[in-house]
Amino acid sequence: MVKTYRHESLLGFFKGMSFPIASIAVVNSVLFGVYSNALLALTATSHQERRAQPPSYTHVFIAGCTGGFLQAYCLAPFDLIKVRLQNQTEPRAKPGSPPPRYRGPMHCAASIFQAEGPRGLFRGAWALTLRDTPTLGIYFVTYEWLCRQFTPDGQTPSSGTVLVAGGFAGITSWVAATPLDVIKSRMQMAGLKQRAYGGLLDCMVSSARQEGLGVFFRGLTINSARAFPVNAVTFLSYEHLLLSWG
Ligand SMILES: CN(C)C(=N)NCCC[C@H](N)C(=O)O
């Protein structure tokens with residue numbers, strides 16, 4: 001934090017923010033929409049009926065994995081641009097200093113498209129899919145399990161329970177996702193700041209060889225600290241929207 005502040009001022013902390021904000025509504029709609037509909041198809045019960053007849057954890061896991069798989073493809077281009085912009089750590093422009101490689105998210109998207117075509121925008125998408133498919137299954141199972149522990153049978157969980165269960169679901173899923181998150185980000189930067197890799201496995205093996213197994217847990221603390229409030233609010237909004245519109 002101190003280094004980022006010294007090097008890039010407060011603005012450094014907000015780098016690459018516009019694209020995640022623009023994309024979060026779309027990505028979360030796909031995730032929660034696919035999850036709800038997959039659960040509906042698997043259990044043939046509506047959200048309200050599910051309080052009296054809770055779905056099995058296997059069904060929750062399969063529905064979560066399906067949502068995770070599909071959201072990964074919507075997220076891939078936005079996530080690539082975010083990672084590229086966040087890794088551009090040149091200090092604030094001084095007169096005479098070379099211009100940054102990317103001038104903003106649209107310029108970043110256009111440069112990748114020009115250099116590599118549409119496929120370039122999906123660089124790292126395979127690692128992102130591997131990260132999100134199982135971890136979103138874990139996410140929804142943790143949420144359901146915690147809600148059921150603290151809610152009497154047949155009742156709707158309180159807002160407090162939803163906040164705590166959502167927060168811990170976020171932390172649990174990020175703990176499981178961090179190793180592949182590290183690899184995904186390296187694949188997205190491959191050939192720029194990172195060396196080019198022969199593939200996902202090569203990236204994993206050479207990262208572990210050069211930096212030790214600890215490399216797979218880089219960013220775990222900050223990911224978890226972020227995950228609690230973000231996912232507490234996400235689940236509270238989801239439950240409230242389903243109650244008022246469902
Ligand atoms: C890759 N993982 C662990 C997840 N996508 N987990 C679910 C949380 C999603 C939420 N938008 C967030 O960014 O925390």
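Residues numbered from 1 in each chain as written. Predicted model: local features only at pLDDT ≥ 70, side-chain atom pairs only at ≥ 80, totals over all residues. Heavy atoms only, no water.

As recorded in an unreviewed UniProt entry, the protein chain goes by Solute carrier family 25 member 45 isoform X2 and comes from Bos indicus. Within the UniProt record for the protein chain, the comment given under Sequence similarities (unreviewed entry) is "Belongs to the mitochondrial carrier (TC 2.A.29) family." Regarding the protein chain, the UniProt comment filed under Subcellular location (unreviewed entry) reads as follows: "Mitochondrion membrane". (UniProt positions renumbered as here; feature names shortened; annotations may be inferred.)

At Ser9, a residue that is not glycine, the phi angle is positive and equals roughly 65°. The phi dihedral of Ala44 falls on the positive side, at around 55°, and the residue is not glycine. Relative to the assigned elements, Ala44 resides in the loop between helix H2 (18-43) and helix H3 (49-52). The exposure class of Ala44 is exposed, given its relative accessible area of 66%. (Helix = DSSP H or I, 4+ residues; strand = E, 2+ residues; numbered from the N terminus. Buried < 20%, exposed > 50% of the residue type's maximum accessible area, 1.4 Å probe, protein only.)

Next up on the list: the site of the ligand. In the vicinity of the ligand, the contacting residues are Arg131, Asp132, Thr135, Leu136, Tyr139, Ser173, Trp174, Ala177, Arg226 and Asn231. In this structure, Trp174 approaches the ligand through a side-chain N or O atom, which is 2.9 Å from an oxygen atom. One of the side-chain nitrogen or oxygen atoms of Arg226 is found 2.9 Å away from an oxygen atom of the ligand. Out of a free accessible area of 380 Å², the ligand has 93% covered by protein chains. Sorting the residues of the shell around the ligand by element identifies helix H6 (125-149), helix H7 (159-189) and helix H9 (220-245) as the ones contributing at least two each. A per-class count over the shell around the ligand returns four nonpolar, three polar and three charged. (Near = heavy atom within 4 Å. Polar contact = N/O pair within 3.5 Å; in protein donor to acceptor, adjacent residues only side chain to side chain. Areas by Shrake-Rupley, 256 points an atom, 1.4 Å probe, with all protein chains shown as cover. Nonpolar A, V, L, I, M, F, W, Y, C, P; charged D, E, K, R; others polar.)

This part covers the packing of H6 against H7. The N-to-C vectors of H6 and H7 enclose an angle of 160°; their axes lie 8 Å apart at closest approach. Classed by the angle they form, the pair H6 and H7 counts as roughly antiparallel. Like other packed secondary-structure pairs, H6 and H7 cross with a definite hand, here right-handed. Taken together, the residues of the contact of H6 with H7 break down into 16 nonpolar, seven polar and three charged. (Axes fitted to C-alpha atoms, helices over the stretch in contact; angles between N-to-C directions. Parallel < 35°, antiparallel > 145°, perpendicular 65-115°, else oblique. Left-handed = near helix turned anticlockwise from the far one by under 90°.)

A residue-level look at the protein chain finds 93% of positions with pLDDT of 70 or above and a mean pLDDT of 89. For the protein chain, the element scoring lowest by mean pLDDT is H3, at 81; H6 scores highest, at 96. Predicted complex, confidence summary: ipTM 0.93, pTM 0.86. (pLDDT = per-residue confidence, 0-100.)

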